[in-house]
Amino acid sequence: MRFIDYKNVVPKTVIGLLVFLILLIPVFTTNVATLSMLILSGIWTVAVMGFTLVLRTGQFSLGQSAFLAIGGYTSAIFTVKLGWPFWPSFFLAGMASGIVSLLVGMVVLRVGNIYFSIITLALGEIVRIIAQQWEPVTRGTRGLILSPPPPIILGGFKINFEASPVPYFYFTLCLIAVTALILWQIGQSRLGRAFAGVALNPVLAEHQGMHLMKYRVIAFTVAGVFTGLAGSLYAHFLTVITPYVFGLWQSIQIMIMSIVGGISSLVGGPIIGTILLYTLGDYLTRVKTFGIQPLLFGAIVVMVLIFLPKGTGLVDLWGRFWTKVVWREEEYEPDTPDD
Amino acid sequence: MSYLELKNITKEFGKLAALEDVDLQVEKGEILGIVGPNGSGKTTLINVISGYYRPTGGEIFFNAKKISGLRPDQIAKRGIIRTFQSNVLYEGTTVVESMLISSYQQYRTKNWQSFFETRTWKDENETVVGRVIELVKLLDLLNDTFLPAEGLSHGYQRMLGIAMAMIANPSVLLLDEPTTGMNHEEAMFVVDKIKKINEQGVTVILIEHNMKVLLDVATRVVVLSFGTKIADGKPEEVMNKQEVIEAYLGTETI
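From a predicted model like this one, the values you see are computed outputs, not experimental measurements. Residue indices begin from 1 for each chain and proceed along its sequence in written order. Chain letters and ligand numbers both follow the written order, the letters beginning at A and the numbers at 1. Two thresholds apply to this predicted model, a pLDDT of at least 70 for residue-level local features and 80 or more for giving and counting side-chain atom pairs, whereas whole-chain, interface and lining totals are computed over all residues. To obtain the side-chain values, all non-hydrogen atoms of the structure were included, while hydrogens and water were left out.

**Digging into the overall build of chain B**
Here's step 1: Counting from the N terminus, the helices are DSSP H or I runs at least four residues long and the strands are E runs at least two residues long. Within chain B one finds 10 helices and 10 strands.
Here's step 2: Its C-alpha atoms give chain B a radius of gyration of 19 Å, near enough to 18 Å, the size a compact globule of 254 residues would have.
Here's step 3: With the C-alpha coordinates of chain B rotated into their principal frame, the extents come out at 70 × 40 × 30 Å.
Here's step 4: Throughout this description, buried means an accessible area under 20% of the type-specific maximum (1.4 Å probe, protein chains only), exposed means over 50%, and partly exposed covers the range between. Residues classed as buried in chain B amount to 55% of the 254 residues present.
Here's step 5: Using a 1.4 Å probe, the Shrake-Rupley method yields the accessible areas, and only the shown protein chains count as cover for residues. Taken as a whole, chain B presents about 11500 Å² of accessible surface, with 50% of it coming from carbon and sulfur.
Here's step 6: Positive: Lys, Arg. Negative: Asp, Glu. His and the chain ends are not part of the count. Working definition for charges: the position is that of NZ of Lys, CZ of Arg, CG of Asp or CD of Glu. Once the 27 positive and 33 negative side-chain charges of chain B are each reduced to a mean point, those two points are 7 Å apart. Both definitions apply: the radius of gyration is a C-alpha atom measure, and the globule rule equals 2.2 Å times residues to the power 0.38.

What follows is the structure, encoded as structure tokens:
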């Protein structure tokens, strides 16, 4: 597992240019289908970033969709049932999801590893079943109907969420940017190193003073908060939330996107993986062959694990392109030990 | 009370007592050698001190504070750092990356300060990098700094183990057979480094199989046999004791 962030490899100007081009997308196309796809893949990107952060501490969460559901339902219940405005509900969704991940993490991450995977898997199912059975609050399988966020008025300029998906597009970008910024900072700070230590050799890390549970819980909670916010945005964008949207397959999709994108980068990997696979998945829903999507996703994961192993993923191709083609750096060949 | 003090330490695995009523005093600044035949409980002793195992009986005090029963990271935070008998590394990292991960305890800045990249964090980062270079030079790893740790030869991996323990800021360093798998010359090289580490003010507890190495480096020697302490004193005196010779070579039968 490598833990270099390509933040330092790829020049800032290139990242800036890419961000600029992405910002201009709505100028070139206002096609609702295209923008919706980009918005949804953006929302999934945030969830995948969270998953990747947890994976950086060496823990496999199989229930990240639970936090999307908790975020979505919290926001839906507060706006629809209790009549709260959008913004407080949005942040409350992140907080609720964060608190659940904190509590679950403090219980399970003491042991971690396979137990963590099993409990998070169960958590995903529990959340889905509660959403299904708690009829008076969640309306069960019929789901809750939400309204889009209220228009924002900025100096005479009105941003209307109801008229077109463009405001959602920028809102999603903001959420991604904030998440990316925080994960980048985590990656470069003491936390990032401690995460690497805890993941790469827990026994050694513990004997060097790192409290395993503390760092696992921090990663899991940060992931929980942002996944919750993404869940809230997801529900408001689709204007409906049902228990069927969040299940085991969604959790597995998050995992697949993270692995295909590559976990060597906390930001680049999730973005590349999600956009690629979400677009592919969206296209595959139109193909009328049963089970083609899981089959193809599985094949892609196998290919990535064979050709880009040890968590390098597709983002590593990007890194290699920069170091080899652009910088023309010679590939480093380790000497064979000779004594 | 001594710097590090073990009182009646017992560690039982089921019915097998790996350590039985071991009393041990370690003074500040000394190099204490621990010897004993295979299975005498040397590594168990280090595992108990470092918190990897909880003792089933007895107490350990460090700086007059009780440390037995604490987690390994809490004990490490108090300045007791260990190395391992096998080469324990951070998988897939280079030497410098391993050192930076291990430098966790070098920092006084809090996690949030490093998150916001404050001035103090940046300054401290520079001092830590300086210390990393110093240690890498001391332990002869300078040419391998950017090599993957797993690609190093056994001897250099042992050195990296000591370097990683040193960057974790120890006041007491527990070395678990640092010279395994080395010839005499290489072992003497390690001994030289241990002396230099000791000169930096670090108390060293050293498990060793090789008597020659121990005679050369240790200021005091403790002999363990079947989980009990059978001798404690100056290296030359201990080596000539009847019990020690018996423990190593067996009892004379007539």
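We are not done yet, so read on.
**A look at the packing of aromatic side chains**
Aromatic ring pairs are reported here in terms of the distance separating the ring centres and the angle at which the planes meet.
Here's step 1: Two rings from Phe, Tyr or Trp (for Trp, the six-membered ring) form a pair when their centres sit within 6.5 Å of each other. Planes less than 30 degrees apart are called stacked, planes more than 60 degrees apart edge-to-face, and all others tilted. Inspection of every chain in the model, using the stated rule, returns 24 aromatic pairs over all chains.
Here's step 2: Their ring planes at 70° and their centres at 4.8 Å tell us that F78 of chain A and W84 of chain A sit as a pair that is edge-to-face.
Here's step 3: Classification of W84 of chain A by relative accessible area gives partly exposed; the value is 37%.
Here's step 4: With a centroid separation of 5.2 Å and 75° between ring planes, the pair formed by F13 of chain B and Y53 of chain B is classed as edge-to-face. Of this pair, F13 of chain B sits in strand 1 (residues 4-13) while Y53 of chain B sits in the loop between helix 1 (42-49) and strand 4 (57-62), and the two are 40 residues apart along the sequence.
Here's step 5: Overall, F13 of chain B belongs to the partly exposed group, its relative accessible area being 36%.
Here's step 6: Each member of the aromatic cluster is reached from another via a ring pair, and the members are F86, W87, F90, F91 and F171 of chain A.
Here's step 7: Over the aromatic face of Y104 of chain B sits the side chain of R190 of chain A, whose NZ or CZ is 4.6 Å from the ring centroid.
Here's step 8: Note that R82 of chain B overlies the ring of F84 of chain B, its terminal NZ or CZ placed 4.3 Å from the centroid. The criterion is that NZ of a Lys, or CZ of an Arg, lies within 6 Å of the ring centre and within 35 degrees of the ring normal, and then a charge sits over that ring.

**Comments concerning the interface of chain A and chain B**
Here's step 1: The interface of chain A with chain B comprises 31 residues on the first partner and 41 residues on the second.
Here's step 2: Values labelled buried area give the accessible surface lost by two parts on being combined, using a 1.4 Å probe and summing over both. Around 3200 Å² of area is buried between chain A and chain B when both sides are counted, 57% of it from carbon and sulfur atoms.
Here's step 3: Considering only the side of chain A, the residues that lose the most area to chain B are R190, R193 and H207 of chain A, jointly responsible for 27% of the buried surface there.
Here's step 4: The salt bridge criterion pairs a side-chain nitrogen of Lys or Arg with a carboxyl oxygen of Asp or Glu, the two atoms within 4 Å. At the boundary of chain A with chain B, the tally comes to 0 salt bridges.
Here's step 5: Polar contacts here mean pairs of N or O atoms no more than 3.5 Å apart (in protein, one a potential hydrogen donor and the other a potential acceptor; neighbouring residues in sequence count only if both atoms are side-chain atoms). The tally of links between chain A and chain B comes to 15 residue pairs in polar contact (both at pLDDT 80 or more).
Here's step 6: Taken together, the elements giving at least two residues each to the side of chain A that touches chain B come down to helix 8 (166-188), helix 9 (190-200), helix 10 (202-207) and helix 11 (212-238) of chain A.
Here's step 7: No other element matches helix 9 of chain A, which puts 7 residues into the side of chain A that touches chain B.
Here's step 8: In the scheme used here, Gly and all other residues not listed as nonpolar or charged are polar, with Ala, Val, Leu, Ile, Met, Phe, Trp, Tyr, Cys and Pro taken as nonpolar and Asp, Glu, Lys and Arg as charged. Taken together, the residues that form the side of chain A that touches chain B break down as 17 nonpolar, 9 polar and 5 charged. Working rule for contacts: check all heavy atoms of both residues, and any pair within 4.5 Å makes them a contact.

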